Amino acid sequence: MRAVVIGAGIVGLTSGLALRRAGIDVAIYEHAPEIRAAGAGLGLWANALTVFDDLGVGEQVRAIGKPSEMYFHDAAGRLLDTPEFGVEDHRFLLVHRATLNDLLADAVGRQNIRLATGFADYEEHADHLTVRLTNGSEENADVLVGADGAYSTVRSRLVPGTPAQQHLGHHAWRAVIPNPGVPLSEDRLILGAHGCRGGYVRTHDGSVYWLVNQFNTPALTGTLKQQALERAAHLEVDGNNTILAELIAATPEEMILHNQIMLVPPLPHWVSARVALAGDAAHAMSPHITAGATLGIEDAALLGRLLAPTGDVRAALAAYEADRIPRYAHVADLSAAVEHASTPQEFARNYAAFSHWMITAPGENRVRA
Ligand SMILES: Cc1cc2nc3c(=O)[nH]c(=O)nc-3n(C[C@H](O)[C@H](O)[C@H](O)COP(=O)(O)OP(=O)(O)OC[C@H]3O[C@@H](n4cnc5c(N)ncnc54)[C@H](O)[C@@H]3O)c2cc1C
């Protein structure tokens, strides 16, 4: 069996690895000229680490990460405890996105990745499909995985009329700074006023990942640094939590990433007889649950488990869709409960409820072979 994967982001690379482990030939096409990763730090949850263990790269992934915990404080510096949840519900591994993608590209085998070659179109036939690429070439395959992100061209072909949409008013600012010059004795995530949240997490190599986000952002003015500082001011009260602003102030303007958050609307279907969507292409979601990549890694593992070298592709993709659509409907409900929490304490509790659900049954068992 031969698979074509579109997109060499986290999910495309993990899909390639999972399919190769299943004994399937894989070609990954990436339209960028290099393996890259838009963004800074990335939190990986236990369910993603389970997948990486099953794919034989768990130890390598842990070696590039820093074990961290998702506990929130309020703007006055008080810990928002969630005693009904265990410490394991708060644990995640912080990695650099680019380092993770490089590691995954090595694991897939760079010879299986074609850079600077984008997806153009596909045509399905009874016993195979033909994938057309932007350099004019064609490739025949048994299955096509669209892991080409929120603006997926594969999705526009498979499920027309589903462009990525703005999560209105939701913005994020973030950076990884190598030498913060600000002494840090702990990580801190803060829930503040005016729909703002943010914080900082130390990485395994001594740099610091900081982020600030805001729901219902008013019109933006000033530089990215000024915008981030304006939000950080909503996260401190009476001289508490001032380190975040110090970190932002110490960050060169050109290192700050800013995103208008984009979402993919719930899709009526994720597959056809020979085409499947995975990762943000299928479900780009709000990053206030910091789990889009983690859940996309599950998609990849499930494809690898269901597709077999001599198996029935249509049945495998139908089983994939039957599993994923209900799971993401539940993610959407839990994510909304976090977003619409009326107090920081409720946000923290709903967040822990989401992570507890995500990393326990049935998802974890489902992705295990
Ligand atoms: C501010 C923010 C913070 C986040 N934090 C976290 C977090 O802590 N933990 C977490 O789990 N998730 C997090 N997420 C979500 C996470 O970033 C995404 O879910 C994840 O990156 C999606 O990976 P992907 O591989 O599906 O898509 P992408 O990373 O978008 O990769 C898609 C790839 O496809 C390529 N491509 C696109 N079109 C084509 C084409 N036509 N032909 C060929 N190649 C193409 C692109 O160049 C790219 O390399 C966060 C998101 C945001 C915005």
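Residues numbered from 1 in each chain as written. Predicted model: local features only at pLDDT ≥ 70, side-chain atom pairs only at ≥ 80, totals over all residues.

*Asks:* Please clarify how the overall build of the protein chain should be interpreted in this entry.
*Replies:* The helix and strand inventory of the protein chain stands at twelve helices and 18 strands. In terms of overall dimensions, the protein chain is globule-like: its C-alpha atoms have a radius of gyration of 20 Å, near the 21 Å expected for 369 residues. Principal axes of the C-alpha set define a box for the protein chain whose edges measure 65 × 40 × 40 Å. A total of 369 residues make up the protein chain; the buried ones form 48% of that total. (Helix = DSSP H or I, 4+ residues; strand = E, 2+ residues; numbered from the N terminus. Rg over C-alpha atoms; globule rule 2.2 N^0.38 Å. Buried ≥ 20, exposed ≤ 12 C-beta atoms within 10 Å, placed from the backbone.)

*Asks:* What exactly am I supposed to notice about the site of the ligand here?
*Replies:* Surrounding the ligand, one finds 34 residues, the nearest of these being Gly 7, Gly 9, Gly 149, Gly 279 and Gly 292. In terms of residue count, the dominant contributor to the shell around the ligand is helix 9 (residues 292–306) (four residues). Of the residues contributing to the shell around the ligand, the split by class is 15 nonpolar, 15 polar and four charged. The residues that make up the shell around the ligand include at least three from each of domain 1 (2–66 + 97–164 + 264–367) and domain 2 (167–261). (Near = placed C-beta within 6 Å. Nonpolar A, V, L, I, M, F, W, Y, C, P; charged D, E, K, R; others polar. Domains from an automatic or database assignment.)

*Asks:* What am I meant to see in the nonpolar core here?
*Replies:* Inside soluble globular proteins, nonpolar side chains tend to come together where they are buried. Counting residues in hydrophobic clusters, the biggest one holds 113 residues, and the most contacted among them are Leu 144, Val 145, Leu 244, Ala 276, Ala 278 and Leu 303. Among the elements that make up this core, the one with the highest residue count is helix 9 (eight residues). Lining this core are residues from two domains, each supplying at least three of them: domain 1 (2–66 + 97–164 + 264–367) and domain 2 (167–261). In contact with Leu 303, other than residues within four places in its own chain, are Ser 15, Ala 18, Leu 19, Val 145, Ala 276, Ala 278 and Tyr 320. (Core = buried A, V, L, I, M, F, W, Y, C linked by C-beta atoms within 7 Å. Contact = placed C-beta atoms within 7 Å.)

*Asks:* It is not clear to me how helix 10 (residues 313–339) should be interpreted in this structure. Could you clarify?
*Replies:* Each full turn of the α-helix corresponds to 3.6 residues, which orients residues three or four apart in the same direction. Between its first and last C-alpha atoms helix 10 spans 38 Å; for 27 residues at 1.5 Å apiece the expected length is 39 Å, and the two agree. Taken as a whole, helix 10 has its buried residues at Val 313, Leu 317, Tyr 320, Arg 324, Tyr 328, Val 331, Ser 335 and Val 338. Buried positions along helix 10 lie against strand 12 (143–146), strand 18 (275–277), helix 8 (280–283), helix 9 and helix 11 (344–359). (Expected span 1.5 Å × (residues − 1).)

*Asks:* In this structure, what is going on with helix 1 (residues 10–21)? I would like to understand it.
*Replies:* For helix 1, built from twelve residues, the straight-helix expectation of 16 Å at 1.5 Å per residue is met to within 8% by its first-to-last C-alpha distance of 16 Å. Counting buried residues along helix 1, ten of its twelve residues qualify, which places the element largely inside the surrounding structure. Along helix 1, the residues classified as buried are Ile 10, Val 11, Gly 12, Leu 13, Thr 14, Ser 15, Gly 16, Leu 17, Ala 18 and Leu 19. Contacts made by the buried residues of helix 1 are with strand 1 (2–6), strand 2 (25–29), helix 4 (97–108), strand 12 and helix 9.

*Asks:* What exactly am I supposed to notice about the sheet that holds strand 7 (residues 91–96) here?
*Replies:* Hydrogen bonds between backbone atoms are what pair the strands of a sheet, whose relative direction is either parallel or antiparallel. Strand order in the open sheet formed by three strands is 3-7-4, and the pairing between neighbours is antiparallel. The strands lining the two open edges of the sheet, one partner per strand, are strand 3 (41–44) and strand 4 (66–69). Neighbouring strand axes in the sheet, compared pairwise and without regard to direction, differ in orientation by 40° on average. Docked against the sheet, helix 4 engages strand 3 and strand 7, running at close to 85° with respect to strand 7. (Pairing = 2+ DSSP bridges. Axes fitted to C-alpha atoms, helices over the stretch in contact; angles between N-to-C directions.)

*Asks:* Any chance you could explain the pairing of strand 1 here in plain terms?
*Replies:* Both faces of the sheet carry side chains from a regular strand, because those side chains alternate between them. Burial analysis of strand 1 places four of its five residues in the buried class, the great majority of the element. Crossover strand 1 to strand 2 through helix 1 is right-handed. In this structure, strand 1 lies alongside strand 12, joined through four bridges in parallel fashion. In the sheet register, Ala 3 faces strand 12, and the bridge partner there is Val 143. (Right-handed = clockwise from strand over helix to strand, strands pointing away.)

*Asks:* Before we go on, may I ask you to explain the packing of helix 1 against helix 4 in this structure?
*Replies:* When two helices pack together, their arrangement is captured by the angle between the axes and the distance separating the axes. Where helix 1 contacts helix 4, the two axes come as close as 9 Å, and the packing angle between them is 25°. Regarding the angle of helix 1 to helix 4, the classification is roughly parallel. As helix 1 runs across helix 4, the sense of the crossing is left-handed. Contact with helix 1, carried on its side by Ile 10, Leu 13, Thr 14, Gly 16, Leu 17 and Arg 20, involves Leu 100, Asn 101, Leu 104, Ala 105, Ala 107 and Val 108 of helix 4 and no other residues of that element. Class assignment of the residues belonging to the contact of helix 1 with helix 4 gives a composition of eight nonpolar, three polar and one charged. (Parallel < 35°, antiparallel > 145°, perpendicular 65-115°, else oblique. Left-handed = near helix turned anticlockwise from the far one by under 90°.)

*Asks:* Explain the environment of Arg 314 here, please?
*Replies:* Within the secondary structure layout, Arg 314 lies in helix 10. Taking the number of C-beta atoms within 10 Å as the measure of exposure, Arg 314 has 13 and is therefore partly exposed. Residues Arg 314 and Gly 7, 307 residues apart in the sequence, show an inter-C-alpha distance of 22 Å.

*Asks:* When you look at the sheet that holds strand 18 in this model, what are you seeing that I'm missing?
*Replies:* The sheet built from five strands is open, its strands ordered 8-2-1-12-18 with parallel pairing. Sheet topology places strand 8 (113–114) and strand 18 at the edges, where each strand pairs with a single neighbour.

*Asks:* What is the right way to look at the packing of helix 1 against helix 9 in this model?
*Replies:* Two elements in contact, helix 1 and helix 9, have axes whose closest approach is 8 Å; the angle formed by their N-to-C orientations is 25°. One way to sum up the angle between helix 1 and helix 9 is to call them roughly parallel. Considering the relative orientation of helix 1 and helix 9, their crossing is right-handed. Across the interface between the two elements, Ile 10, Val 11, Thr 14, Ser 15, Ala 18, Leu 19 and Arg 21 from helix 1 touch Ala 293, Gly 296, Ile 297, Asp 299, Ala 300, Ala 301, Leu 303 and Gly 304 from helix 9. Grouping the amino acids of the contact of helix 1 with helix 9 by side-chain chemistry returns nine nonpolar, four polar and two charged.

*Asks:* Help me out: how do you make sense of the pairing of strand 15 (residues 196–202) in this one?
*Replies:* Most of strand 15 is tucked away, with six of its seven residues classed as buried. By the bridge criterion, four bridges tie strand 14 (residues 188–191) to strand 15 in an arrangement that is antiparallel. Along strand 15, the bridge assignment pairs Arg 188 with Tyr 200. Hairpin connection between strand 14 and strand 15: a loop of four residues separates the two successive antiparallel strands, and His 194 in this loop has a positive phi of roughly 60°.

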